[in-house]
Amino acid sequence: MKSVRPKKFLGQHFLTDLPTAQRIADTVDACPDLPILEVGPGMGVMTQYLLPKGRPFKVVEIDFESVEYLRKAFPALEEGIIEDDFLKMHLENTFGGSPFVLTGNYPYNISSQIFFKMLDYRHLIPCCTGMIQKEVAERLAAPPGCKAYGILSVLVQLYYKVDYLFTVEPGVFNPPPKVRSAVVRLTRNEVQHPGCDETLLKRVVKTTFNQRRKMMRGSIKPLLHELDQSLACPVPDHTDFLAQPLLTRRPEQLSVQEFIDLTNAVAAHYHLPITGDE
């Protein structure tokens with residue numbers, strides 16, 4: 001059977017080491033009773049270890065050449081092959097509305113976007129595992145005060161417990177990537193609502209980390225300016241708001257809860273509703 005040519009524009013780096021593939025596939029055992037959705041199976045190096053787990057199982061693959069290969073190599077999977085762009089899928093239809101485990105050797109060029117999509121469907125994805133760039137894995141798992149701690153860290157850790165499982169060297173891929181990889185497991189926590197306006201929280205986190213070297217009182221000013229311009233109400237005096245002790249620190253020093261508290265402080269400053277509803 002003809003092998004699939006890795007395509008650079010799709011960020012494809014095919015895993016070739018079978019023990020590593022099985023080790024990654026076995027990370028889904030953390031949620032043993034749920035269906036499995038594998039993203040970017042390529043030539044099925046992980047698929048061959050996921051199929052025997054005896055659960056509802058589907059794969060989503062955008063590369064037509066890989067889809068053709070999978071149909072020939074795994075005829076039992078024919079009904080479970082979804083030829084689509086994962087980032088554009090409506091995941092509520094994947095397993096008839098039932099929760100599932102998300103896994104895969106994720107394409108490097110969309111790995112962060114995959115986790116943001118996971119957040120949008122967190123009610124359906126209690127567990128997410130897989131392999132990504134080591135740098136992205138470190139960002140996901142980074143605690144406050146760490147250089148790797150950033151936007152992805154805060155927004156993912158709000159809803160998931162992140163475990164950095166193990167590192168994978170470039171030599172087990174075709175073609176070998178220029179960076180090291182890592183395998184992570186994200187497990188849904190008990191948080192259902194953030195305790196603040198979620199849209200405003202995302203704006204606070206993204207705005208402040210865009211100027212992460214500044215103190216918070218400086219990095220948050222662009223957001224205050226935007227709110228001043230967009231809200232149909234008198235612009236408040238920011239002096240007391242900017243003088244609060246929390247804003248003398250840098251974004252990477254704030255915990256997830258402190259970002260929630262700051263979001264509520266911004267809402268109160270502008271007399272906006274404070275809500276934890278989704």
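A. Highlighting the packing of helix α4 (residues 111–120) against helix α5 (residues 134–141). Interhelical geometry of α4 versus α5 gives an angle of 35° and a closest axis separation of 10 Å. Each of Ser111, Ser112 and Phe115 in α4 lies in contact with α5, whose residues at this interface are Val136, Arg139 and Leu140. A per-class count over the contact of α4 with α5 returns 3 nonpolar, 2 polar and 1 charged.

B. Spotlight on helix α7 (residues 198–209). Its 12 residues give α7 an end-to-end C-alpha distance of 17 Å, which sits within 8% of 16 Å, the value for a rise of 1.5 Å per residue. Here α7 has its buried residues at Glu198, Leu200, Leu201, Val204, Val205, Thr207, Thr208 and Phe209. Contacts from the buried residues of α7 go to α6 (151–157), α8 (216–219), α9 (221–230) and α11 (256–269). The residue sitting at the N-terminus of α7 and contributing the capping side-chain oxygen is Asp197; that oxygen lies 3.2 Å from the backbone nitrogen of Thr199.

C. Structural detail: the packing of α7 against α11. One can describe the packing of α7 onto α11 by two numbers: an axis separation of 9 Å at closest approach and a directional angle of 110°. Considered as vectors, α7 and α11 are oriented roughly perpendicular to each other. Here Leu200, Leu201, Val204, Val205, Thr208 and Phe209 of α7 lie close against α11, whose contacting residues are Phe259, Ile260, Leu262, Thr263, Val266 and Ala267.

D. Molecular detail of unusual backbone geometry. In the segment running from Asn174 into Pro175, the intervening peptide bond is cis, with an omega of -10°. Although it is not a glycine, His271 sits at a positive phi angle of roughly 60°. With respect to the secondary-structure elements, His271 resides in the segment after α11. Given the relative accessible area of 74%, His271 is considered exposed.

E. Spotlight on the nonpolar core. Membership of the largest hydrophobic core comes to 59 residues, with the highest contact counts inside it found for Leu102, Phe115, Ile125, Leu186, Phe259 and Leu262. By residue number, the principal contributor to this core is α11, which donates 6 residues. With residues up to four places along the chain from it excluded, the contact list for Leu262 reads Val204, Met216, Ile220, Phe241, Gln244, Leu246, Leu247 and Leu254. By size, the runner-up hydrophobic cluster in this structure holds 28 residues, among which are Leu34, Val67, Phe74 and Phe173.

F. Main features of the packing of aromatic side chains. Using the criterion set out here, one finds 4 aromatic pairs in the structure. On the numbers, 6.1 Å between centres and 70° between planes, the contact of Tyr149 with Phe209 is edge-to-face. Of this pair, Tyr149 sits in the loop between α5 and α6 while Phe209 sits in helix α7, and the two are 60 residues apart along the sequence. When sorted by exposure, Tyr149 lands in the same class as Phe209, which is buried. Sitting over the face of the ring of Phe95, Lys58 holds its NZ or CZ atom 5.3 Å from the ring centroid.

G. Looking closely at the environment of Ile274. With respect to the element layout, Ile274 can be found in the segment after α11. Put simply, Ile274 and Asn264 are 10 residues apart on the chain and 6.3 Å apart in space, counted from C-alpha to C-alpha.

H. Spatial organisation of the pattern of salt bridges. Summed over all chains, the structure comprises 14 salt bridges. Of the charged contacts, one joins Arg212 and Glu252 as a salt bridge, the two residues approaching to 2.9 Å between their closest N and O atoms. With Arg212 in the loop between α7 and α8 and Glu252 in the loop between α10 (239–242) and α11, this residue pair connects regions lying 40 residues apart in the sequence. Note on Arg212: relative accessible area 25%, which makes it partly exposed. Here the residues in one salt-bridge network are Asp26, Asp29, Lys53 and Arg55, joined through shared partners.

I. Seen up close, the side chain of Glu65. Along the chain, Glu65 falls in helix α3 (residues 64–73). Given the relative accessible area of 19%, Glu65 is considered buried. Those residues in contact with Glu65 that sit more than four places away from it in its chain are Ser3, Val4, Arg5 and Lys7.

J. Quick peek at the sheet that holds strand β6 (residues 127–133). One open sheet holds the 7 strands; their spatial order is β4-β3-β2-β5-β6-β9-β7, and the pairing between them is mixed. The open sheet terminates on both sides in strands that have one partner only, identified here as β4 (81–83) and β7 (160–168). When strand polarity is set aside, the average angle formed by the axes of neighbouring strands in this sheet is 20°. Pairing analysis gives 4 bridges linking strand β2 (residues 36–39) to strand β5 (residues 101–104), with the strands arranged parallel. When the bridges of β5 are listed, Glu38 appears paired with Thr103. The sheet strands contacting helix α1 (residues 18–25) are β6, β7 and β9 (181–188), and the helix crosses β7 at an angle near 170°. Its contacts with the sheet place α4 against β2, β5, β6, β7 and β9, and it is angled at close to 165° to β6.

Rules and cut-offs
Residues numbered from 1 in each chain as written. Predicted model: local features only at pLDDT ≥ 70, side-chain atom pairs only at ≥ 80, totals over all residues. Heavy atoms only, no water. Axes fitted to C-alpha atoms, helices over the stretch in contact; angles between N-to-C directions. Helix = DSSP H or I, 4+ residues; strand = E, 2+ residues; numbered from the N terminus. Contact = heavy atoms within 4.5 Å. Nonpolar A, V, L, I, M, F, W, Y, C, P; charged D, E, K, R; others polar. Expected span 1.5 Å × (residues − 1). Buried < 20%, exposed > 50% of the residue type's maximum accessible area, 1.4 Å probe, protein only. Polar contact = N/O pair within 3.5 Å; in protein donor to acceptor, adjacent residues only side chain to side chain. Parallel < 35°, antiparallel > 145°, perpendicular 65-115°, else oblique. Core = buried A, V, L, I, M, F, W, Y, C linked by side-chain atoms within 4.5 Å. Phe/Tyr/Trp six-rings, centres within 6.5 Å; stacked < 30°, edge-to-face > 60°. Lys NZ or Arg CZ within 6 Å of the ring centre and 35° of its normal. Salt bridge = Lys/Arg side-chain N within 4 Å of Asp/Glu carboxyl O. Pairing = 2+ DSSP bridges.

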